[in-house]
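# Descriptive analysis of the structure
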Amino acid sequence: MGIIGVDPSSPVSGGAVLGDRVRMQQHYLDDGVFIRSMASRGCHGGLADAVEVVAGLLATSGKDIVIIETVGTGQTEVAITQIANVLILVLVPESGDAIQALKAGIVELADIIVINKADREGAEGLADEFRAAQLQSHPRNEPAVVATQAINDVGIEELFQEIYRRCVASRLKVS
Amino acid sequence: MSERKIRVLIAKPGLDGHDRGVKVLSRGLRDAGMEVIYLGLRLTPEQIAETAVQEDVDVVGLSCLSGAHMTLFPKTVNLSRAKGGKDILFIGGGIVPKKDVPKLREAGVAQVFGPGTPIKEIADFIRENLAEEKRDNKD
Amino acid sequence: MAEEKEERPERRKEFRTTVGGTVVKRVYSPADVNVCREEDVPLPGEYPYTRHIMPGGYRTRLWTMRQYAGFATVEETNERYKYLYRQGQTGFSVAFHLPTQEGFDSDHPLSAGEVGRCGVAIDSLEDMERLWEGIPLAEVSTSMTINATAAIVLAMYIATAEKQGVSADRLRGTVQNDILKEYIARNTYIFAPAPSMRLVTDLCSYCAQNLPQWNSISISGYHMREAGSTAAQEAGFTLANAVTYVEAMIDKGMDVDSFAPRFSFFFAAYTNVLEEVAKFRALRRMWARIMKERFRAKNPKSMMLRYHVQTDGFTLTEPQPLNNIVRVTLQALAAVLGGCQSLHTNSFDEALALPSELAVQVALRTQQIIAHESGVADTVDPLGGSYYLERLTNQIEERAMRYITEIDHMGGALKAIEKGYIQREIAQSAYSYQRAVDSGEQVIVGANRFTSEEKSDTEVLEIGAEVEKKQVARLEKLKRERDDERVGQVLDKIRDIARSDKNVMPVLIEAVKAYATIGEISDVLRDVFGEYREPSLV
C-alpha cells in the first residue's frame, strides 16, 4: 500500500508542517506500507503538483492500492477526481464540515462517504441524510455510506470491502 | 536555480514526552519556509531512520530531555546511514550536557541546540550546512 | 511655584506580566482595591480562602520543603534522600525514570538508554523496598510523581510499608495520579482516557477508604505551564481538569466530602513574582467557590486548595547557570508569598543535567533562607491589600474562569482534550513566547541579552552506562528467584478484575507482593485497555 498525505503550505512563508504521518505510527516499520508526506506548495486543488506522478510511481512499483489524502478543505478539491479511481469523503458528526459538504454538492463526486467517530451523537442521522443525498444525485451508482470508529477499529473491514470492490470495478472499466 | 524546499523530519526517540520544543521548532521552521514532517513521540531509532529514508528528507532533528541522547541519537544516525540516508543532516536538541556534544558530533550529529536557541539560528544552520553538502557533492 | 511635570517615555509600548499575560498599569491605587468586594478577600482561614486556607499560615507551620529527587538505582537515590533529610528537607519527593512511569521494565527495548536517567529505576517491589531502606515510612511524608502507573506504584509503597510494620492508614503523602494533563502536556500516558480515568478513580476511592492521610491525586498545572501556557491558562485548565475528576468520583457513587479533602494540586512558580502570587490567591478563591457552589461540598476541607509548587524549570538557562539561583529565589519567594503547602526549588544546573549535590544544597538553602531570614513567613498573606495584587488577583480569576466556562461548553475537559483545544491553546502560547524571545521583546538575562563568552565548567551529575546493566541484571535475578507460577496466577487475576468494574487496588497489592514487575502488570492492562495513540496536533 502506498499513502500520499498532503498538507497545506503556508501562503506566507511557503513552508508547511506535515502531520499526517503521526497517526500512522504502527506502520512506520511495516514493509507493506510506503508513506510519503507532501506539502501542497501553492497548488489550489487540495493536492500538490507532484501527486499524480508520485501516485503513478507507487502504482508501478507494485503497490496494490495507493491512498491519497488531500488537504481536506472539501469544497474546492476537485483535482483529486482527475487522479483517483475511488473518491472517499470522510466526515465526522459535530463538525460544520458535514453540513457544508451536503450543501456544496461534494456528495455528487464522492463514491464512498465515511462517517467517522460514529459513536458520537448525530452520527446515525448524518449517515441517513447522506444516503438520501446520494440516492438523489447518483441514481445510477451504488451509494455507499460507511460508519466507522477508526480509533476502535469499527467499520474498517466494511470500508475496505467497499473500496476494494470499487477499485476492482474501475480497473475492469479501464481495460 | 530556484529554491528547492528543504524537508525536515522532527522526532523524539525514546520515552521522553516533553514536546514543547519540537512543536515550537516545527512551526518555526515552517515559518522559515521549510517543510517539516512532525513524527511525534515515543519512537524507536528504527522507526525514525526508516521514515527519514522513505520521506527522503534533507534534515533530521532529534529531541531528548531524559538524558538518553548518547544511546538514541547515534543509533538513529547509524540506522539511517545503513538504510541509505547518507546525505541527511542530523541535528539534536534537549537536555544535553556540553561535554556530550563532541561525542555526538563524532557520531554524526552535526550540531546540538540547547534550550533557548533562537529558531533563526537553527534555520540558518540548516541552510548553510545543506548548501555546503551540495557543494561537496558537486566535487 | 513651578510645576515640574516630567513626561518621560516609558521603556516599552506596553507592559504585560508575561508574554500573553495581563496588561500592567503604570500605577495602582485605592480605586483598584475598592472594586474588590469584602467577601472576596476575607481573613485567612475564612471562605473563600483567598488569603490562605488556614488562619495561622506559616506562623503555625512552615511549608514542607520537598525536593524532587531520584536517579540511577535505588541505592544512589536512597543516599540522596538521606542527604536531603540531613540538610533539612521535611518531605520526600520521588522521581521515577521514564520506563517506570510508562509501564516498561528496565530490560524492555524502549528502555534502552533511559534506565536511571531522569529518575530512579523501579521495576518491582524489591526495588521499592530497597529505596526506603532505613527510612521509617510511618514518620515521613512522601510525594510520588507517577501517573499512568500510579496504582501499581502506590501498591508497592503500601506493600513496603506493610513490611516495615506500618499499616496503610498511617501513611502520609501524595501520588500525582493526574492522567488528564498527561494527554495535554506531559505525555507519559499508556492507555486511552476512559480506562485511565477508571484507574485514577479506583485509586482515589481506595485511598478514601484505606489511606485517610494520603492525597490521592495532585491535579497539576505545572506541566501545562512548562509546555508554554500563560498563568491564567495554567489556573483555568487545571481547575477544568479538577472538575472532571470530581465529577468522575461522584459518578462512581462517592460523596464529594468523602474524597475532596484529599484532592491536592501542583503548580509552577514563574519569575514574575506578583503575577504568581495573584494566581495562587485566585486559584484558592476559584476552587472554594467551585466546590461549594457547583459541587455542594459541606466540609470546609473540601473547599481548601492545598498545593505543592515547583519553581518553573523552563526558565532555567544553560548559559550563565548561576543566574538560575536568582531566578529560583524569586520563584520560591512567589510561592511562599502565595501560600503554598509544599515547595520544590530547582537546582541551578538543571538545564544541563540532574542536580549535583552542591546545586541541590543551594536550592534547599534558598527555601530555608526565605523561611528563616526574610520575614515573609511571619505574617499571613503579607501582600494582601496591595492595590496591584488585589486587582491582578481579580483579573487572573476572570481570565481563568473564562477558560473553565469555555471547556464546560465543550462538554468538559475530556472532550476539550479530544478536540485538541487545550493542547492548541498551549502550543499557541508557547509559540508566541518563542517569537517574543527570538525578537528580543522578552529578555532572558544571559541568554538573549547580557550574554558572555563563557567556559562551561559546571560539574554535572553523570549517570553511567553501568546503571542500566546493573538494573537489568537485578531484574533478571528477581525473575529467576521468584515464584513464577504465583506471578502468572495473579496476573490472570488482574486481567479479570480489570475487565470487571471492581476496584483494581487490592489485586495490584497482591501482584506486587508476588514480585510481578511494572512491565508485566502494565502489559496485562494494555491487553485489556488498549494503548493510547497520539493524535495529530502540532
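All of the points below concern the structure found in this document. Small disclaimer: the values here were computed from a predicted structure and weren't measured.

## Looking at the packing of helix H10 (residues 231-251) of chain C against helix H16 (residues 387-410) of chain C
Residue and element names in this part refer to chain C.
- In the contact formed by H10 and H16, the axes pass within 8 Å of each other and the chain directions differ by 40°. By the angle between their axes, H10 is oblique relative to H16. Remark: the crossing between H10 and H16 carries right-handed chirality. Counted together, Ala232, Gln233, Ala235, Gly236, Phe237, Leu239 and Ala240 of H10 and Ile396, Arg399, Ala400, Tyr403, Ile404 and Ile407 of H16 form the full contact between these two elements.
- Of the residues assigned to the contact of H10 with H16, the class counts are ten nonpolar, two polar and one charged.

## A word on the environment of Asp492(C)
Residues and elements named next belong to chain C.
- Turning to its location among the elements, Asp492 is positioned in helix H20 (residues 484-499).
- For Asp492, a relative accessible area of 42% corresponds to the partly exposed category.
- Remark: the alpha-carbon pair of Asp492 and Met224, spanning 268 residues in sequence, is separated by 37 Å.

## Structural notes on the nonpolar core
- Ranked by size, the top nonpolar core spans 150 residues in total, and within it Trp63(C), Trp132(C), Met144(C), Leu154(C), Ile422(C) and Ile521(C) carry the most contacts.
- Aside from chain neighbours lying at most four places away, what touches Ile521(C) is Ile152(C), Leu491(C), Ile494(C), Leu508(C), Ala511(C), Val512(C) and Ala516(C).
- With 26 residues, the next largest nonpolar core counts Val57(B), Val60(B), Leu72(B) and Leu104(B) among its residues.

## Considerations on the interface of chain B and chain C
- Chain B puts 33 residues into the contact, and the matching count from chain C is 40 residues.
- At the boundary of chain B with chain C, total buried surface from both sides reaches about 3100 Å², with 53% on carbon and sulfur atoms.
- Among the residues chain B hides against chain C, the three largest losses belong to Leu15(B), Arg20(B) and Arg27(B). Together they make up 27% of the total.
- Where chain B touches chain C, the interface holds three salt bridges.
- Note that Glu102(C) is salt-bridged to Arg42(B), the shortest N-O span being 3.1 Å.
- On the surface where chain B and chain C come into contact, there are 15 residue pairs in polar contact (both at pLDDT 80 or more).
- When residues of the side of chain B that touches chain C are traced back to their parent elements, those giving at least two are helix H1 (20-31), strand E2 (35-43), helix H3 (69-82) and helix H5 (119-138) of chain B.
- Its residues assigned to classes, the side of chain B that touches chain C comprises twelve nonpolar, eleven polar and ten charged.

## Quick notes on the sheet that holds strand E7 (residues 145-147) of chain A
Residues and elements named next belong to chain A.
- Reading across the sheet, the three strands line up as E5-E6-E7 and stay open at both edges, with parallel pairing between neighbours. Two strands close off the open sheet at either side, each with one partner strand: strand E5 (88-91) and E7. Averaged over all adjacent pairs, the angle separating strand axes in this sheet is 20°, with direction ignored.
- The pairing of E5 with strand E6 (residues 112-115) spans four bridges and is parallel. Bridge pairing in E6 places Ile88 opposite Ile112.
- Packed on one face of the sheet, helix H4 (residues 123-137) meets E5, E6 and E7 and runs near 170° to E6.

## A few points about the pairing of strand E4 (residues 172-175) of chain C
All names here are of chain C.
- Sheet topology places strand E3 (residues 141-145) next to E4; four bridges connect them, and they run parallel. Counterpart to Ser143 in the pairing with E4 is Thr174.
- Once the chain exits E3 it traverses helix H6 (residues 150-163) before rejoining the sheet at E4, and the crossover so formed is right-handed.
- Of the strand pairs in this sheet, E4 and strand E5 (residues 214-215) are connected by two bridges, and their pairing is parallel. Its bridge partner lying in E5, Gly173 is registered against Trp214.

## Brief notes about the sheet that holds strand E1 (residues 2-7) of chain A
Residue and element names in this part refer to chain A.
- Read from one edge to the other, the open sheet built from three strands follows the order E3-E1-E4, with strand pairing classed as parallel. In the strand order of this sheet, the two ends are held by strand E3 (34-39) and strand E4 (66-69), each with one partner. Across this sheet, the average inter-strand angle for adjacent strands is 15°, counted without regard to direction.
- Pairing analysis gives six bridges linking E1 to E3, with the strands arranged parallel. Across the sheet, Asp7 pairs through a bridge with Ala39, a residue of E3.
- Seen against the sheet, helix H1 (residues 51-60) touches E1, E3 and E4 and runs at an angle of roughly 165° to E1.

Each value, and the rule that gives it
Residues numbered from 1 in each chain as written. Chains lettered and ligands numbered in written order. Predicted model: local features only at pLDDT ≥ 70, side-chain atom pairs only at ≥ 80, totals over all residues. Heavy atoms only, no water. Axes fitted to C-alpha atoms, helices over the stretch in contact; angles between N-to-C directions. Helix = DSSP H or I, 4+ residues; strand = E, 2+ residues; numbered from the N terminus. Parallel < 35°, antiparallel > 145°, perpendicular 65-115°, else oblique. Left-handed = near helix turned anticlockwise from the far one by under 90°. Contact = heavy atoms within 4.5 Å. Nonpolar A, V, L, I, M, F, W, Y, C, P; charged D, E, K, R; others polar. Buried < 20%, exposed > 50% of the residue type's maximum accessible area, 1.4 Å probe, protein only. Core = buried A, V, L, I, M, F, W, Y, C linked by side-chain atoms within 4.5 Å. Buried area = accessible area lost by both parts, 1.4 Å probe. Salt bridge = Lys/Arg side-chain N within 4 Å of Asp/Glu carboxyl O. Polar contact = N/O pair within 3.5 Å; in protein donor to acceptor, adjacent residues only side chain to side chain. Pairing = 2+ DSSP bridges. Right-handed = clockwise from strand over helix to strand, strands pointing away.

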